[in-house]
Amino acid sequence: MKVRVFYHDKCFDGACSASLFARFHRECIAADAVYEPFGLVHRAGALFDERDFTGDENAIVDFKYSPSPRITWWFDHHLSAFLTPADCQHFQQGQRDGTQSNRKFYDPNYTSNTSFLAHIASTRFGFNAAPVAELVHWADIVDAALYDSPEAAVEMAEPAMKLTMAIESVQDPGFVPRLIPLLTEVPLADVLSQDFVASQMPPLMERHAKSLALIRERASEVDGTIYFDITDHPLEGYNKFIPYYLHPQAIYSVGLSRSSFRTKVAVGTNPWTQVPPEKLVNLAVVCERYGGGGHARVGAISFPPDKGDLAREAAAEIVAELRAANPAKR
């Protein structure tokens, strides 16, 4: 059996979810299956190509829902999980009539998709999640930014943080698919010590230092919201906690970056803000207005790479909205 596992690319939780799904599926569903990881990215326009769904089974993890009949498994935890109301209705109908209730799963209350998948696999299918406890632990920390401090997030002492940087930044399309199987086979420190991973660390750390210097130069904080534009530099995979490391008093950040396939508006909430949760803006709702999405505390919008002006206009509107929502001004 060939199983294609479609996962959120350039994302630690996405890679962990792909690895965990393959291990669970192999142990509980089909011991002789062969797994093909296939990364998906948020971009302007269509997110899926039906021609890619070539597996005997096709799974999507940590990414938006597809109503394609070729998709046999789905696990997600994002508030913005459905591209259209029709997609949401399709999922709900499959849950009601039982045709998809034991193959497609959604719960936005989970901290990471990895922890959600581990819960479903263990409670519904008898999967032993104990050997992957370290992976689940760090997927929760990374995806929900549960770091002790901005320094812990930016200075990256832990193996999981260095692996996150590599997953987000290495340009070789074969790197993450090669990494994925290891994530549920050996401890994260051992993954990091693999030659093909360890060799990436010196240039990535140098790049990290440059991105820190660039964002320090570009970022400004006004009324609790940081804004910066680095679309003239190839740094989409920058550490998203740098803005709060530089401006710890901020509540939100809005950053513009560019890659070969999109211009991205990244919107985030400072994980260490002292503002009560009930006074914070739901960023998923904000991003959905522009065709993006995410979680309540972090989201993003993708524009075509040649539509920087539209991205900049959207970013300016969001910055104004967040600065006006600063509780200190009310």
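Further up the page is the structure itself.
Now for a look at the structure at hand.

Conventions used here
- Residues numbered from 1 in each chain as written.
- Predicted model: local features only at pLDDT ≥ 70, side-chain atom pairs only at ≥ 80, totals over all residues.
- Heavy atoms only, no water.
- 1 Å grid on protein atoms, 1.4 Å probe; cavity = no way out; pocket = protein on both sides within 12 Å on 5 of 7 lines; lining within 4 Å.
- Points joined across faces, edges and corners; volume = space filled by probe spheres on them.
- Helix = DSSP H or I, 4+ residues; strand = E, 2+ residues; numbered from the N terminus.
- Nonpolar A, V, L, I, M, F, W, Y, C, P; charged D, E, K, R; others polar.
- Buried < 20%, exposed > 50% of the residue type's maximum accessible area, 1.4 Å probe, protein only.
- Contact = heavy atoms within 4.5 Å.
- Pairing = 2+ DSSP bridges.
- Axes fitted to C-alpha atoms, helices over the stretch in contact; angles between N-to-C directions.
- Core = buried A, V, L, I, M, F, W, Y, C linked by side-chain atoms within 4.5 Å.
- Salt bridge = Lys/Arg side-chain N within 4 Å of Asp/Glu carboxyl O.

**Some words on empty space enclosed by the protein**
Next up, step 1: Under the definition given, this model contains one cavity of 30 Å³ or more.
Next up, step 2: A volume near 150 Å³ is recorded for the largest cavity.
Next up, step 3: Breaking the lining of the largest cavity down by element, the ones donating at least two residues are α6 (159–169) and α10 (201–218).
Next up, step 4: Looking at the lining of the largest cavity, the element that brings in the most residues is α6, giving five residues.
Next up, step 5: In the lining of the largest cavity, the residues fall into eight nonpolar, six polar and three charged.

**Some words on the environment of valine 286**
Next up, step 1: One can find valine 286 in helix α12 (residues 283–288).
Next up, step 2: Here valine 286 falls in the buried class, since its relative accessible area comes to 1%.
Next up, step 3: Distance in space between the C-alpha atoms of valine 286 and alanine 300 is 9.3 Å, their sequence separation being 14 residues.
Next up, step 4: For valine 286, the residues in contact, after removing those within four places along its chain, are Val281, Ile318 and Glu321.

**Here we look at the sheet that holds strand β5 (residues 104–106)**
Next up, step 1: Read across the sheet, five strands follow the order β2-β1-β3-β4-β5 without closing on themselves; strand pairing throughout is parallel. Every interior strand has two partners, whereas the edge strands, β2 (34–40) and β5, have only one. Mean inter-strand twist for the sheet, computed between neighbouring axes without regard to direction, equals 15 degrees.
Next up, step 2: When strand β4 (residues 73–76) meets β5, the two strands line up parallel, connected through three bridges. Looking at the pairing, phenylalanine 75 lines up with phenylalanine 105 of β5.
Next up, step 3: Each of β1 (2–8), β2, β3 (57–61) and β4 touches helix α1 (residues 12–28); the most contacted strand, β1, lies at about 155 degrees to it.

**Remarks on the nonpolar core**
Next up, step 1: Phe12, Phe21, Phe24, Phe75 and Tyr147 are the most contacted members of the largest nonpolar core, which has 73 residues in total.
Next up, step 2: Broken down by element, this core gets its largest block of residues, eight residues, from α1.
Next up, step 3: What phenylalanine 24 contacts, discounting residues up to four positions off in sequence, is Ile29, Trp73, Phe75, Leu117, Ala121, Phe125 and Phe127.
Next up, step 4: By size, the runner-up hydrophobic cluster in this structure holds 21 residues, among which are Leu280, Val286, Phe303 and Ile318.

**Some remarks on the pattern of salt bridges**
Next up, step 1: Going through the model one piece at a time under the given rule, you end up with ten salt bridges.
Next up, step 2: The partner of aspartate 229 in a salt bridge is arginine 312, with the nearest N and O atoms 2.8 Å apart. Residue aspartate 229 is found in strand β7 (residues 225–229), and its partner arginine 312 is found in helix α13 (residues 308–324); the two are separated by 83 residues along the sequence.
Next up, step 3: Several salt bridges share partner residues, and in doing so they unite Glu217, Arg218 and Asp232 into one network.

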